[in-house]
Amino acid sequence: MEQQPINLEEIVPQLADEGTWIGRCMVSKKQAYKGIAGPHVVLVKKAKVYDLSQYFSTTSQLLNTKAPVQALRQLKNLPELGNLEEILKNSLYFHQKQESPYFIAPNDIQSIKACGVTFIKSLLERVIEEKAKGDAQTAHAIRKSIYDSLGNDLSKVVAGSPETEKLKKDFQAKGIWSQYLEVGIGKDAEVFTKAQPLSAIGFGAQIGVLESSKWNNPEPEIVLAVTAKGYIVGATLGNDVNLRDYEGRSALLLGEAKDQNGSCAIGPLFRLFDETFTLEDVKNCEVELSMQGTDGFTSKGANKMREISRSPEDLVAQVVGDNHQYPDGIVLFLGTMFAPSEDRVKEGEGFTHKVGDQVKISTQHLGTLINWVNTCDKIPKWEFGIGSLLDFLLKRS
């Protein structure tokens, strides 16, 4: 399979000359801490990758440390694992050499949660999936009615307000009220478990879609790093891969639509909040997606985070609080406004992935996450879980 050329300088801005970047590398025995091969927590600084294993066993532990940025700045003489560019290149699945370090998803034992229907485009597409049932004229009528009522920017709609309660009654009268409108403009956000701890794949790996799925798509998103106490301490990029035909058949198939082998990509690294990067940067960023198939098909789109319907703080507060605790913290997908809809094969059939598609998700402050599409049964199986991590850490101790 011929692969598209990659500019590695786009992956991490300025090759991490500034900012506080952490993640995980899979490290072989010859370079591993105490000679035990496995996942190592790393710091990336000035184009070098340093091993943090002496101080932190997991990124969850590091993120839940009081003042993690200050804690990292106090560490001296860290072992160097290699050059950032070389390790990024070795992380591409078709270049990978197991004896050299390569990046994996930066999260580990944190719960992986995701928010849905936080942008008008995703809201619209979900309602059309549910109500139009493939009828183009019905879809057009639904689209016009929602845009006429809500506009094209959900950030201007105060979810759960008296005004949206009135809109709810108007939509009900028109027969187009939907479970998706409920979570889009109602008081409670849609939050679901995207994947299991340690199951996410990282930069350069293959994402998976079910071979039986005939309608699926990438979902480019910002992913927040959140502590056990609910503090947002950093961010990264994610691909909330979605099987639209499964979810369109029934909302009760959300688990099948969202959680499959390789269906959750996160990376390349966490960028922690410091004097160079803040939550305000997250709120103002634009997340871009470009997709290129081996058949020559291309698609592009963007998420403008300022158009999100609920603030990141509000979404986190709906997940972590007095009613539900996450002692290892969470990573939280914030939702997408981009769902490719161009006809790819036949007119009227819209977009779906093909094996070999290259998916690039990027933003100025967080770099670029690149993955390639294959079917779930053809990519590496998920075999390193909580039990494997405990065994690995016991051997190191």
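Everything here concerns the structure above.
Below, the structure is looked at part by part.

Rules and cut-offs
- Residues numbered from 1 in each chain as written.
- Predicted model: local features only at pLDDT ≥ 70, side-chain atom pairs only at ≥ 80, totals over all residues.
- Heavy atoms only, no water.
- Helix = DSSP H or I, 4+ residues; strand = E, 2+ residues; numbered from the N terminus.
- Rg over C-alpha atoms; globule rule 2.2 N^0.38 Å.
- Buried < 20%, exposed > 50% of the residue type's maximum accessible area, 1.4 Å probe, protein only.
- Contact = heavy atoms within 4.5 Å.
- Arc of directions from axis to C-beta.
- Lys, Arg positive; Asp, Glu negative; His and termini not counted.
- Salt bridge = Lys/Arg side-chain N within 4 Å of Asp/Glu carboxyl O.
- Polar contact = N/O pair within 3.5 Å; in protein donor to acceptor, adjacent residues only side chain to side chain.
- Phe/Tyr/Trp six-rings, centres within 6.5 Å; stacked < 30°, edge-to-face > 60°.
- Lys NZ or Arg CZ within 6 Å of the ring centre and 35° of its normal.
- 1 Å grid on protein atoms, 1.4 Å probe; cavity = no way out; pocket = protein on both sides within 12 Å on 5 of 7 lines; lining within 4 Å.
- Points joined across faces, edges and corners; volume = space filled by probe spheres on them.
- Nonpolar A, V, L, I, M, F, W, Y, C, P; charged D, E, K, R; others polar.
- Expected span 1.5 Å × (residues − 1).
- Pairing = 2+ DSSP bridges.
- Axes fitted to C-alpha atoms, helices over the stretch in contact; angles between N-to-C directions.

**Remarks on the overall build of the protein**
Next, step 1: Along the protein, the regular secondary structure elements total twelve helices and 18 strands.
Next, step 2: Scaling as 2.2 N^0.38, a compact globule of 397 residues should have a C-alpha radius of gyration of about 21 Å, and the protein matches this with 21 Å.
Next, step 3: In terms of overall dimensions, the protein has C-alpha extents of about 65 × 50 × 35 Å along its principal axes.
Next, step 4: Out of the 397 residues belonging to the protein, those deemed buried represent 57%.
Next, step 5: Excluding contacts between residues fewer than 6 apart, the proportion of contacts in the protein whose partners are at least 24 apart in sequence is 73%.

**Quick word on helix H12 (residues 386-396)**
Next, step 1: Among the residues of H12, those classed as buried are Leu 389, Phe 392 and Arg 396. End-on view of H12: buried residues confined to an arc of 65°, all on one side of the axis. Looking at H12, the residues exposed on the side facing more than 90 degrees away from the buried face are Gly 387, Leu 390, Leu 394 and Lys 395.
Next, step 2: Where H12 is buried, its residues touch strand E2 (38-45).

**Concerning the side chain of Lys 113**
Next, step 1: Examined against the element boundaries, Lys 113 turns out to sit in strand E6 (residues 111-116).
Next, step 2: It turns out Lys 113 is buried and unbridged, and the closest side chain with the opposite charge, Asp 259, is 11 Å from it.
Next, step 3: Side chain to side chain, Lys 113 and Thr 193 meet in a polar contact 2.8 Å long.
Next, step 4: Not counting chain neighbours up to four residues away, the residues in contact with Lys 113 comprise Val 191, Phe 192, Thr 193, Lys 194, Val 319, Tyr 326, Ile 330, Val 331, Leu 332 and Phe 333.

**Examining the packing of aromatic side chains**
Next, step 1: Counted under the stated rule, the structure contains five aromatic pairs.
Next, step 2: Each ring, one from Phe 273 and one from Phe 277, has its centre 5.4 Å from the other, and the planes form 50°; the classification is tilted. In this pair, the class of Phe 273 matches that of Phe 277, namely buried.
Next, step 3: Members of the aromatic cluster, connected to one another through ring pairs, are Tyr 93, Phe 94 and Trp 372.
Next, step 4: Its guanidinium or amino end placed over the ring of Tyr 246, Arg 249 lies 5.0 Å from that ring's centre, counting from NZ or CZ.

**Comments concerning the pattern of salt bridges**
A pair can form between side chains of opposite charge whenever their charged atoms are brought close.
Next, step 1: Under the criterion given, the structure shown has 16 salt bridges.
Next, step 2: The shortest N-O distance in the salt bridge between Lys 258 and Asp 240 comes to 3.0 Å. Taken together, the residues Lys 258 in helix H9 (residues 254-258) and Asp 240 in strand E11 (residues 232-240) connect sequence positions 18 residues apart. Grouping residues by exposure puts Lys 258 and Asp 240 together as buried.
Next, step 3: What emerges from the salt-bridge pattern is a single network uniting Lys 194, Glu 219, Asp 240 and Lys 258.

**Things to note about the environment of Tyr 55**
Next, step 1: With respect to the helices and strands, the residue Tyr 55 is situated in the loop between strand E3 (48-51) and helix H1 (59-63).
Next, step 2: Taking C-alpha positions, Tyr 55 is 50 Å from Leu 150, a pair spaced 95 residues apart along the chain.

**Describing the layout of surface pockets**
Next, step 1: Within this model, the largest pocket holds a volume of roughly 660 Å³.
Next, step 2: Forming the boundary of the largest pocket are 27 residues, of which Tyr 102, Ile 104, Ile 201, Pro 380 and Lys 381 lie nearest the centre.
Next, step 3: Residue assignment for the lining of the largest pocket shows that the elements contributing at least two residues are strand E1 (20-27) and strand E5 (102-104).
Next, step 4: Counting residues per element, the lining of the largest pocket draws most heavily on E5, which supplies three residues.

**Let's talk about empty space enclosed by the protein**
Next, step 1: According to the stated counting rule, one finds three cavities of 30 Å³ or more in the structure shown.
Next, step 2: Lining the largest cavity we find 15 residues, and of these Cys 115, Gly 116, Val 117, Arg 126 and Glu 219 sit closest to its centre.
Next, step 3: Among the secondary structure elements, those contributing two or more residues to the lining of the largest cavity are E6, helix H4 (120-131), strand E7 (190-195) and H9.
Next, step 4: Of the residues that constitute the lining of the largest cavity, the class distribution is four nonpolar, four polar and seven charged.

**Observations concerning helix H6 (residues 162-174)**
Next, step 1: With 13 residues, H6 should reach 18 Å at 1.5 Å per residue; the first-to-last C-alpha distance of 19 Å fits that figure.
Next, step 2: Those residues of H6 lying buried are Thr 164, Leu 167, Lys 168 and Phe 171. In an axial view of H6, the angular spread of the buried residues amounts to 110°, which keeps them on one side of the axis. Facing away from the buried side of H6 by more than 90 degrees, the exposed set consists of Pro 162, Lys 166, Lys 169 and Ala 173.
Next, step 3: Where H6 ends, the next residue or the one after it, Gly 175, has phi of about 80°, a positive value.

**Concerning the sheet that holds strand E17 (residues 358-363)**
Next, step 1: Strand order across the open sheet formed by five strands is E8-E18-E17-E14-E15, with mixed pairing between neighbours. Two strands bound the open sheet, and with one partner strand each, they are strand E8 (206-209) and strand E15 (298-304). Adjacent strand axes in the sheet meet at a mean angle of 25° when their direction is disregarded.
Next, step 2: As paired strands, E8 and strand E18 (residues 367-375) are joined by four bridges and run parallel to one another. Bridged to Val 209 within E18 is Thr 375.

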